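# A structural walkthrough
Below, each chain spelled out in residue letters.
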Amino acid sequence: MRDRSESRYAAGALSPQRRAADLRRLREERFDVLVVGGGVTGAGAALDAASRGLNVALIEATDLASGTSSRSSKLIHGGLRYLEQLEFPLVHEALRERGLLATLLAPHLVRPLPFLVPLPREGVFGKAWHRFYYGAGVALYDAFAGIVGHGRGMPLHRHFTAHGARRLFPSLKESAVAGAIRYYDGQVDDARFVVTLARTAASLGAAIVTGITATGLVRDAREVIGVEVSDGTDEWTIHARTVIAATGVWSSDVSSWLPDARIGLRVRASKGVHLVVPRSAITGEVGLILRTQKSVLFVIPWGGHWIIGTTDTEWELDRAHPAASAQDIQYLLAQVNAVLERPLTTEDIEGVYAGLRPLLSGESDSTSALSREHAVVEPLLGLLLVAGGKFTTYRVMAEDVVDRAARRLPGTRRSGTAGLPLLGADGWHSLWRDRADLARRHGLSTGVVEHLLERYGSLIVELLAMIDARPDLGEALPGAPEYVAAEVVYATRNEGARHVVDVLTRRTRISVETAHRGVETAQRAAELMATELGWSPAMMKEEVRAYRARVKAERESQRMPDDLTADAARTMRATPSRGSTGSPDPARA
Ligand SMILES: Cc1cc2nc3c(=O)[nH]c(=O)nc-3n(C[C@H](O)[C@H](O)[C@H](O)COP(=O)(O)OP(=O)(O)OC[C@H]3O[C@@H](n4cnc5c(N)ncnc54)[C@H](O)[C@@H]3O)c2cc1C
């Protein structure tokens, strides 16, 4: 439970001292709810349970958001394409969540982003049909979000002529568009969102500990009373009245601990690859949503970059390090080049990342057709498994699974998350309004303050205090001028970062936003972290070496022709093998 004498910000700091205290709690306490998995679903479940006043712990094998939750398209969306599949309740629910996040829960992290639906040139009848068909879809999308009221959180759609479309997106090939419709969806830095969720749960008293892997269940007859865990050197039992496994594509591993795996959840992994290119490679003010043969392709403005994705192919190899192959990259370039005036080449690519969709196993063979809906099962008393869904609907998944857990915990309150702003949301609007003044007062450029406000919300005051005390922390990081040194220190002191890779790939996105992929920043990041974490020179050197080896393996994998060879290169195995499916690995996230 939270110590009321402490401020909410201080209580939500995932500091090294807090980690040591939470580790002790994991050995000593019996929790009401123990969550396994620190992706958006697990962090959401921990927050939901903590919002009901329960005694909560969350363990994560690697780092917060190190699985799928840092590798998404970073959209908080209803999913325009699901309208075509007539998944109306799913779209409606996601749009309701989108509005809640953008207006109340996380306006500092989720913001509106305009997208164009280009209408193809296909004769007079074709043109009219496409405008009617897509126009009806987008109008329905808006209607589901609520036509009026502040809860929508996004502007309404608008139609454009071919000329208007090219004004908004000059890089669109003239021959490719007969017009367009602009609509809005939400954008989020997925990994930062998960860290903020976890910190909000911590601010309500939840113990949040990364680098702890669940290895088995502890049972008393048919009832689960805890889990066996390991931190790599030590093994022990964490006791809990209920255990929630929110382990994404690792859900089948948890099911394999059951007396009969068929009573657990079966989850398939579908790989989605994204490319990151500099903003200068494409001229446009809005995003694009393009139809592909199997699904859709997004071209998404992302600060000084574009994110282009995604693919959708079955993946049965290493789940901890899904690898993008040259084939994936060529596919994405071919799709996007079909509509671009100046084609992109591999030379334009700054970063590449791959993630695995946790899809509930269905009868269909095609991963694109598998359901995005979530499932909650209770295969044994006291054990709940939750998986599927999507980032946007994490709060609904969390509420569902904790409702089920609460049946075993008499007197539990209802979920409070629909009215609980995440850390950094309170006061964000007024800070944003006064950002120029804030910048002047702290001797920073308005650009730096905007960057910090969009990543930390009102928690920016903590970073500004650090910069006031040590002005060198206001300086840009080597090789990553968009970021300041204070972000590395803050990640280590307040956001639970324990390795250089945590900072360069998840607390910041330097690993995909720079052509050197963070290699030029790793040494400085390690130096800043070493002071906070008491690393010896040898430990610091090893952190930098491990990061560089990771980048090298990723680059190598992206030159390989197919999944099998890319996986072997990424996991640094000598020969391709379908044998290893990769448990989350603390050392190599
Ligand atoms: C390419 C792609 C694009 C996407 N784009 C979007 C989008 O734009 N919008 C959207 O709404 N959704 C999107 N999604 C879906 C969304 O990202 C996922 O549904 C969501 O992130 C899944 O979160 P999760 O917490 O269930 O799983 P994960 O994030 O994978 O978390 C599971 C965690 O459990 C941990 N774990 C596993 N086993 C153990 C163990 N034994 N002990 C301890 N910890 C363990 C793992 O390390 C991992 O961190 C996308 C998905 C992909 C792949």
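Okay, so let's go over this structure.

What follows concerns the site of the ligand. Residues in close proximity to the ligand total 36 residues, the closest being T41, E60, S69, L75 and T392. Within the side chain of E60, a nitrogen or oxygen atom sits 2.7 Å from an oxygen atom of the ligand. Contact between the ligand and H77: a nitrogen atom at 3.4 Å from a side-chain N or O atom of the residue. Looking at the shell around the ligand, the elements that each hand over two or more residues are α3 (40-51), β8 (213-220), β11 (267-278) and β16 (351-360). Among the elements that take part in the shell around the ligand, β16 stands out by supplying three residues, more than any other. Its residues assigned to classes, the shell around the ligand shows 11 nonpolar, 20 polar and five charged.

Another point: the pattern of salt bridges. Following the criterion strictly, the structure yields 45 salt bridges and no others. Its salt-bridge partner being R241, residue D32 comes within 2.9 Å of it at the nearest N-O pair. Taken together, the residues D32 in strand β1 (residues 30-36) and R241 in strand β10 (residues 235-245) connect sequence positions 209 residues apart. You can call D32 buried: its relative accessible area is 12%. Classification of R241 as partly exposed rests on a relative accessible area of 30%. A cluster of three or more residues bridged by salt bridges with shared partners is formed by K74, D189, D190, R455, E487 and R509.

With that settled, consider the nonpolar core. F193, I208 and I244 are the most contacted members of the largest nonpolar core, which has 50 residues in total. Only β1, α3, β2 (56-60), α5 (88-105), α8 (190-203), β18 (383-388) and α11 (394-406) provide two or more residues apiece to this core. In terms of residue count, α8 provides more of this core than any other element does, eight residues in total. Filtering out sequence-adjacent residues up to four positions away, I244 remains in contact with V33, L34, V35, V36, L384, V386, V401, V402 and A405.

Attention now goes to the side chain of S255. As for its position among the elements, S255 is in helix α9 (residues 251-255). Residue classification places S255 among the buried residues on the basis of a relative accessible area of 2%. One polar contact links the side chain of S255 to the main-chain amide nitrogen of L265, over a distance of 2.9 Å. When neighbours within four sequence positions are excluded, S255 is seen to be in contact with A261, G264, L265 and L385.

Attention now moves to the packing of aromatic side chains. Pairs of aromatic rings are described using the distance from one ring centre to the other and the angle between the two planes. On inspection of all chains with the given rule, the structure shows 12 aromatic pairs. Between F169 and W306, the ring centres sit 5.6 Å apart and the planes meet at 55°, which makes this aromatic pair tilted. Of this pair, F169 sits in the loop between α7 (162-168) and β6 (179-187) while W306 sits in strand β14 (residues 305-309), and the two are 137 residues apart along the sequence. The same class applies to F169 and to W306, which are both buried. An aromatic cluster of three or more residues is present, and its members are F115, Y141, Y183 and F298. One residue, R27, lies across the ring of W236, its end atom 3.9 Å from the ring centre. One cation-aromatic arrangement involves R279 over W306; the distance from NZ or CZ to the ring centre is 4.8 Å.

What counts, and where the lines are drawn
- Residues numbered from 1 in each chain as written.
- Predicted model: local features only at pLDDT ≥ 70, side-chain atom pairs only at ≥ 80, totals over all residues.
- Heavy atoms only, no water.
- Near = heavy atom within 4 Å.
- Polar contact = N/O pair within 3.5 Å; in protein donor to acceptor, adjacent residues only side chain to side chain.
- Helix = DSSP H or I, 4+ residues; strand = E, 2+ residues; numbered from the N terminus.
- Nonpolar A, V, L, I, M, F, W, Y, C, P; charged D, E, K, R; others polar.
- Salt bridge = Lys/Arg side-chain N within 4 Å of Asp/Glu carboxyl O.
- Buried < 20%, exposed > 50% of the residue type's maximum accessible area, 1.4 Å probe, protein only.
- Core = buried A, V, L, I, M, F, W, Y, C linked by side-chain atoms within 4.5 Å.
- Contact = heavy atoms within 4.5 Å.
- Phe/Tyr/Trp six-rings, centres within 6.5 Å; stacked < 30°, edge-to-face > 60°.
- Lys NZ or Arg CZ within 6 Å of the ring centre and 35° of its normal.

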